[in-house]
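Report on the structure
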Amino acid sequence: KKADIGLIGLAVMGENLVLNMESKGFSVAVYNRTTEKVDKFIEGRGAGKNFIGTHSIEELVGALATPRKVMMLVKAGQPVDDFIEQIIPHLDQGDIIIDGGNSYFEDTIRRTKYVEGKGFKFVGTGVSGGEIGALRGPSMMPGGSKEAWPEVKEIFQAIAAKVDDGVPCCDWVGADGAGHFVKMIHNGIEYGDMQIITEAYQFMKEVLGMSYDEMHETFKKWNKEELDSYLIEITADIMAFKDEDGEPMVEKILDTAGQKGTGKWTGIAAMHLGVPLTLIGESVFSRFLSAQLDLRAKASEVFEAPEIKFDGDKTKMLDDLKMALYGAKIISYAQGYNLLMEASKEHGWDLNYGAIALMWRGGCIIRSAFLGDINKAFDKAPDLPHLLLDSFFRDKVQAAQQGWRNVCATAISNGIPVPSLSSALSYFDGFRSKRLPANLLQAQRDYFGAHTYERVDKPRGEFFHTNWTGEGADTVSTAYNS
Ligand code: NBP
């Protein structure tokens, strides 16, 4: 009997995902570049189960029922292109190649076009949730050739995480690179959520002088309230985890953050599309700053830190801190959705924003109760132009802002960095301002470069130039944009 699906790449994600598929009743043919891993898997975790081990791409494709579905879970980049070239000669019209790795969405746009051009279908799907997610139910974000969706839907939705009411955290996202784009935004949001939690941690520890036990209790409590989320939950666990000597484990860990680049890609996409994605941007920069260990060590000898002065009400300040996290989190998702909307326009994806919130509601790292509220906002108004204009989130930000301002002011006066919490607040203050000082900016641009400006008392689209120095002529700039 032929297998329902084939998988290339028996590393941590592939191995767990095929075990998940098999447990849901699907038969899977497996292949890996280093073929010993196939045998090891078939004799090990795959023993006695509905798997077919194969030792070449030809054998793998030959083992599949039609239309064939060949899924890759290999290192993103060149290996994906190499496998596509190896798979194609063995396919028939209508067969489907699936890339489940963390591919860059522009690559997925290119690959979809290429594979479709050869008469086959291509699906680029984000898979989130790490090792356990892959095994128990990840969040899956598929995009690519639309005609492939009915063919893969059953398997994908069967293996995906389910939220309370049984809704799978997997739905069709859109054409070509849409799935991988949405996965990239997910990862960017993950960077932001993690960063604001680390800022809260430093604030608790250094401004409020809290012990690890107290911080553990606080995060545990927060996980039962509006911040209820996987990342708050694991932070509570981490606060309680002790090293062999009984000291908090987290104190032993070097403070230099790694990254695989998906947060950086999100920031770059925001720059390309002109979206103020400040919170995620600051989160990426904070990781870069953390990595400058030697420079920071030198600077710490040069600059004296301000003395920490806090004699306020600690319980009240902790409530304010929770509000700061909540307000900043709303801003982060509002900015992330702003980027999704601009990308959807740019690439013609017609993204379903409510469905995306549901895909992230379970299975993945950013899963949280909060995403249910985002889903509701888009249910109410599918054309909502910005999350902050939804009445629920508007009221929440209004209610959070006083505490949030107290936290930022206290952190800044005590010399504790809060780049994401404070830049999100500045974004909010800018967003709610009818008039920003960009009038001066335009004046400067016109002064030095004759870039022209529009006037508040004239219709949009009419451009004016002033001879600011009396020395300039009437010639204006069109091409020079500094
Ligand atoms: P890796 O990203 O470590 O990739 C390992 C697989 O890629 C193995 O099958 C390996 O074959 C194959 N491979 C490599 Br490495 N270089 C290759 C090459 N030049 N040609 C052909 N095959 C090559 O595995 P992973 O952590 O399971 O992740 C798989 C994908 O899922 C990645 O795109 C990753 O970014 C994404 N992802 C990972 C996670 C996670 O938590 N780990 C979460 C979500 C998404 P070999 O055995 O012969 O070396």
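Every value quoted in this text rests on a predicted model; they were computed, and no experiment measured them. (Residues numbered from 1 in each chain as written. Predicted model: local features only at pLDDT ≥ 70, side-chain atom pairs only at ≥ 80, totals over all residues. Heavy atoms only, no water.)

Bringing the pairing of strand β2 (residues 28-31) into the picture now. On β2, burial covers both faces: Val 28 and Val 30 on one face and Ala 29 and Tyr 31 on the other are all buried. Where strand β1 (residues 5-8) lies against β2, four bridges are found, and the strand directions are parallel. Looking at β2, one finds that Leu 7 is bridged to Val 30. Read as a crossover between parallel neighbours, the route from β1 over helix α1 (residues 12-23) to β2 is right-handed. (Buried < 20%, exposed > 50% of the residue type's maximum accessible area, 1.4 Å probe, protein only. Helix = DSSP H or I, 4+ residues; strand = E, 2+ residues; numbered from the N terminus. Pairing = 2+ DSSP bridges. Right-handed = clockwise from strand over helix to strand, strands pointing away.)

A few words now on the state of the cysteines. The tally for this structure, following the rule as stated, stands at zero disulfides. A disulfide-free cysteine, Cys 170 has its sulfur positioned 8.8 Å from the sulfur of Cys 169, the nearest such atom. The exposure class of Cys 170 is buried, given its relative accessible area of 1%. Considering cysteine sulfurs only, Cys 169 is the nearest to Cys 364, which forms no disulfide, with 7.1 Å between them. Among the residues examined, Cys 364 registers a relative accessible area of 0% and is labelled buried. (Disulfide = S-S within 2.5 Å.)

A few words on the packing of helix α8 (residues 178-207) against helix α18 (residues 419-431). Here α8 crosses α18 at 110°, and the two axes come no closer than 8 Å. Taken together, the axes of α8 and α18 lie roughly perpendicular to each other. Where α8 approaches α18, its residues Gln 195, Ile 196 and Glu 199 are matched on the opposing element by Pro 419, Ser 420 and Leu 421. Its residues placed into classes, the contact of α8 with α18 shows three nonpolar, two polar and one charged. (Axes fitted to C-alpha atoms, helices over the stretch in contact; angles between N-to-C directions. Parallel < 35°, antiparallel > 145°, perpendicular 65-115°, else oblique. Contact = heavy atoms within 4.5 Å. Nonpolar A, V, L, I, M, F, W, Y, C, P; charged D, E, K, R; others polar.)

The subject of this paragraph is the UniProt feature "domain: 6-phosphogluconate dehydrogenase C-terminal" (unreviewed entry) in the chain. As annotated in UniProt, the feature "domain: 6-phosphogluconate dehydrogenase C-terminal" (unreviewed entry) corresponds to residues 179-469 in the numbering used here. Along residues 179-469 the backbone is 65% helical and 0% strand, and the end-to-end C-alpha distance reaches 53 Å. (UniProt positions renumbered as here; feature names shortened; annotations may be inferred.)

Take the nonpolar core next. Within the largest apolar cluster, 84 residues are counted, with the highest numbers of intra-cluster contacts made by Phe 181, Tyr 337, Leu 340, Trp 360, Ile 374 and Trp 404. When residues no more than four places from it in sequence are discounted, the contact partners of Trp 404 are Asp 320, Met 323, Ala 324, Gly 327, Ala 328, Ile 331, Val 397, Leu 421, Ala 424, Leu 425 and Phe 428. In this structure, Met 71, Leu 73, Ile 96 and Ala 148 belong to the second largest nonpolar core, which totals 30 residues. (Core = buried A, V, L, I, M, F, W, Y, C linked by side-chain atoms within 4.5 Å.)

For the rest of this paragraph, the subject is the pairing of strand β5 (residues 96-99). A regular strand places its side chains so that they alternate between the two faces of the sheet. Neither face of β5 is open: one carries Ile 96 and Ile 98, the other Ile 97 and Asp 99, and all of them are buried. As judged from the four bridges shared by strand β4 (residues 69-72) and β5, these two strands associate in the parallel manner. Within β5, the residue paired with Val 70 across the bridge is Ile 97. In the sheet, β5 pairs with strand β6 (residues 121-128) via four bridges, with the strands oriented parallel. By the bridge assignment, Asp 99 is partnered in β6 with Gly 124.

The local shell around the ligand holds 20 residues, among which Met 13, Asn 32, Arg 33, Thr 34 and Lys 37 are the closest. Those elements giving two or more residues to the shell around the ligand turn out to be α1 and α4 (78-87). Across the shell around the ligand, the residue classes tally to ten nonpolar, six polar and four charged. (Near = heavy atom within 4 Å.)

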